[in-house]
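Observations on chain architecture
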Amino acid sequence: MISTLVDEAEALGAGATEPRTGRKPGGRSRGAEAGAAATKQTKSESGSLMERVVERSNMRLAYRRVKSNGGSAGVDGLTVQELGAWLKMHWPSVKQALHQVLQPIYEPTFSASNFGFRPGRSALDAVRQAQHHVQAGRHWVVDIDLEKFFDRVNHDVLMARVARQVQDWTILKLIRRFLEAGVMADGVEQSRTEGAPQGGPLSPLLSNVLLTDLDRKLEKRGLAFCRYADDCNIYVGSERAGHRVMAGIRTYLEKVLRLKVNASKSAVARPGTRKFLGYRIAKRRASVSLYVAPERIGRLMERVRDVMRQGRGQSLAKVIQGLNPLLRGWANYFRLTVQRRRMQDLDGWVRRRLRCLLWRQWKTGRTRQRRMIALGLDPQRAWKSSGNSRGPWWNAGATHLKQALPNAYFTAMGLISIRDTVDRLQRIN
């Protein structure tokens, strides 16, 4: 993909912002730098949008961002580690840094209720605004799920909206080539007729460009909503109003934006029965509180199990080192929850998994007896407990192993506490 786009962009970047015809395409031989010198402007101030994209400082910024994000290889197989050397050889022909030039152009056009992939905004901001809508008395939600959004984007519909702000034909053609770039399937590159490549910064920006029309339609109707990428919730005061909104918005999405609404995953319901960005928003007595969706708790537990399975032959310190980023990141994201007891239970479950891991690693009764005595357990009790016929999970929850491996033991080993992290972040906020 890189080689194809580079050749395309190189040809486009060499020309003016419009195709020229005739034997002497006027002014072309002088180049952008000569024109800039005449007007005492920099290239980025005086030149076309394409010239701003390929300006050396912009390309350097793009490269630093790709490298810091640890991006993965595309269909051309070029890795981030190999990119630096490749750029040194092909620097004059690289014409691909679009995002940081396009973002400032489109950012002012986006809705205040759009929180996805925008500077200074986050998923948690969207969750807070959704909570505010429910607190204001909108106790029904129109939860719209777009089916395989990034795979179904219509190129013509999207490009028509991109062209509202960008008139540089070289940029428009390059974006079109980006959208049409092939995908790998069973080792074979296949052409793309719809959808947008995922994994880079440009696809999220383009998704916002496309869905801004949806945002404006909702605003025009005076509806309260929150959108994060293709995840959109609309908050209304009654079930009847919700079904009316669902019917109208579904027609608009499918007929105008050419997007497919997943009927089985979309619904008009109470917010507490649906999830939005991993949270559930539920009214309890006089307050509206945020809860972690059960699916996200289950996903965390499965990821912890994966780390444990990978760590069966590793030291406890190594396993904890692998667990901590997962636990810290999860607690940071779900720091808005009021479920302090649930967070405490998760901490206890993680510690039990670690005790189970150690019990398995100790293997024989003699080793288990010796280890528990070394950890301070009474020798007689250690001998009796080490010979029981119960399984590792039962022993991990039994009092003898809890006394040998108390909570303080794991804290001293550096294990992150989900509840303590959530409590600390809530105090800061």
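Our subject is the structure listed above.
It should be emphasised that the depicted structure is a prediction, and the values quoted were computed from it without experimental measurement.

**A word on the overall build of the protein chain**
- For the protein chain, the count of helices and strands is 22 helices and eight strands.
- Per-residue burial for the protein chain yields a buried fraction of 44% across its 429 residues.
- Counting contacts in the protein chain only where the partners sit at least 6 residues apart, residues at least 24 apart contribute 71% of the total.

**Let's talk about a positive patch on the surface**
- Judged by side-chain charge, Lys265, Lys275, Arg299 and Arg303 come together as a positively charged surface patch.
- Locating Lys275 in the fold gives a position in the loop between strand S6 (267-269) and strand S7 (279-284).
- A relative accessible area of 37% places Lys275 in the partly exposed class.

**Here's the deal with the packing of helix H17 (residues 365-374) against helix H18 (residues 379-386)**
- With their axes 8 Å apart at the nearest point, H17 and H18 run at an angle of 150° to one another. Taken together, the axis directions place H17 and H18 in an arrangement best described as roughly antiparallel. The interaxial crossing formed by H17 with H18 has right-handed handedness. Seen from H17, the contacting residues are Gly365, Arg368, Gln369, Met372 and Ile373; seen from H18, they are Pro379, Ala382, Trp383, Ser385 and Ser386.
- Residue composition of the contact of H17 with H18, grouped by class: five nonpolar, four polar and one charged.

**So, the pattern of salt bridges**
- Taken as a whole, this structure holds 18 salt bridges when the rule is applied.
- A salt bridge links Arg250 to Glu254; the shortest N-O distance between them is 3.4 Å. Of the two residues, Arg250 and Glu254 are both situated in helix H13 (residues 239-255); the distance of four residues between them amounts to about one turn of the helix.
- For Arg250, a relative accessible area of 32% gives the class partly exposed.
- For Glu254, a relative accessible area of 27% corresponds to the partly exposed category.
- Between Glu295 and Arg280 there is a salt bridge whose closest N-O contact spans 3.6 Å. Taken together, the positions of Glu295 in helix H14 (residues 294-310) and Arg280 in strand S7 put the pair 15 residues apart, joining distant regions of the chain.
- Judged by its relative accessible area of 22%, Arg280 is partly exposed.

**Some remarks on the packing of aromatic side chains**
- If you walk through the whole model with that rule in mind, you get eight aromatic pairs.
- Centre to centre, the rings of Phe117 and Tyr228 are 5.5 Å apart; their planes meet at 45°, and the pair counts as tilted. Within this pair, whereas Phe117 is found in the loop between helix H7 (99-106) and helix H8 (123-135), its partner Tyr228 is found in strand S4 (residues 224-228), the two being separated by 111 residues in sequence.
- Measuring from centroid to centroid gives 5.1 Å for Phe149 and Phe150, while their planes differ by 80°, and the two rings are edge-to-face.
- You can call Phe149 buried: its relative accessible area is 3%.
- Through a chain of ring-to-ring contacts, the aromatic side chains of Tyr279, Trp330, Tyr333 and Phe334 assemble into a single cluster.

**What about the sheet that holds S4?**
- Strand order in the open sheet formed by four strands is S4-S5-S1-S6, and the pairing between neighbours is antiparallel. Of all the strands in the sheet, just S4 and S6 have a single pairing partner and so form its edges. Neighbour-to-neighbour, the strand axes of this sheet turn through a mean angle of 15°, independent of strand direction.
- Contacts between H13 and the sheet are confined to strand S1 (140-145), strand S5 (231-236) and S6, with S1 contributing the most and set at about 20° to the helix.

**Considering the side chain of Asn262**
- Turning to its location among the elements, Asn262 is positioned in the loop between H13 and S6.
- Leaving out residues up to four positions away in the same chain, Asn262 has contacts with Asp145 and Glu147.

**Concerning the pairing of S1**
- Taken across its six residues, S1 has five buried, putting it largely inside the fold.
- As defined by bridge partners, S1 adjoins S5 across six bridges and the pair is classed as antiparallel. Residue pairing across strands places Trp140 opposite Val236, the latter belonging to S5.
- Where S1 lies against S6, three bridges are found, and the strand directions are antiparallel.

**Describing unusual backbone geometry**
- Although it is not a glycine, Phe117 adopts a positive phi angle of roughly 55°.
- Overall, Phe117 belongs to the partly exposed group, its relative accessible area being 38%.
- With a phi close to 45°, Lys148 is a non-glycine residue in the positive phi region.
- Take Lys148: it is sitting in the loop between S1 and helix H9 (149-152).

**Quick notes on the side chain of Ser203**
- Turning to its location among the elements, Ser203 is positioned in helix H12 (residues 202-220).
- For Ser203, a relative accessible area of 3% gives the class buried.
- Apart from residues no more than four positions distant in its own chain, Ser203 is found in contact with Phe150, Phe178, Ala196, Pro197 and Gln198.

**Regarding the nonpolar core**
- Counting residues in hydrophobic clusters, the biggest one holds 53 residues, and the most contacted among them are Leu323, Leu327, Trp330, Leu354 and Ile418.
- In terms of residue count, helix H16 (residues 340-362) provides more of this core than any other element does, nine residues in total.
- If sequence neighbours within four positions are ignored, Ile418 has contacts with Leu300, Leu327, Trp330, Ala331, Met343, Leu346 and Asp347.
- Among the nonpolar cores identified, the runner-up in size contains 46 residues, and Leu158, Leu172, Cys232 and Val268 belong to it.

**Examining the packing of H7 against H12**
- Orientation of H7 relative to H12, taken along the N-to-C sense of each, is 20°, at an axis distance of 10 Å. It follows that H7 is roughly parallel to H12 by the angle criterion. As H7 packs across H12, the resulting crossing turns out to be left-handed. Contacts from His99, Leu102, Gln103 and Tyr106 of H7 reach H12 at Leu202, Leu205 and Val209.
- Among the residues making up the contact of H7 with H12, the classes are represented as five nonpolar, two polar and no charged.

Parameters and conventions
- Residues numbered from 1 in each chain as written.
- Predicted model: local features only at pLDDT ≥ 70, side-chain atom pairs only at ≥ 80, totals over all residues.
- Heavy atoms only, no water.
- Helix = DSSP H or I, 4+ residues; strand = E, 2+ residues; numbered from the N terminus.
- Buried < 20%, exposed > 50% of the residue type's maximum accessible area, 1.4 Å probe, protein only.
- Contact = heavy atoms within 4.5 Å.
- Patch = residues over 30% accessible without salt bridge, like charges linked within 9 Å, V, L, I, M, F, W, Y side chains within 5 Å.
- Areas by Shrake-Rupley, 256 points an atom, 1.4 Å probe, with all protein chains shown as cover.
- Salt bridge = Lys/Arg side-chain N within 4 Å of Asp/Glu carboxyl O.
- Lys, Arg positive; Asp, Glu negative; His and termini not counted.
- Charge placed at Lys NZ, Arg CZ, Asp CG, Glu CD.
- Axes fitted to C-alpha atoms, helices over the stretch in contact; angles between N-to-C directions.
- Parallel < 35°, antiparallel > 145°, perpendicular 65-115°, else oblique.
- Left-handed = near helix turned anticlockwise from the far one by under 90°.
- Nonpolar A, V, L, I, M, F, W, Y, C, P; charged D, E, K, R; others polar.
- Phe/Tyr/Trp six-rings, centres within 6.5 Å; stacked < 30°, edge-to-face > 60°.
- Pairing = 2+ DSSP bridges.
- Core = buried A, V, L, I, M, F, W, Y, C linked by side-chain atoms within 4.5 Å.

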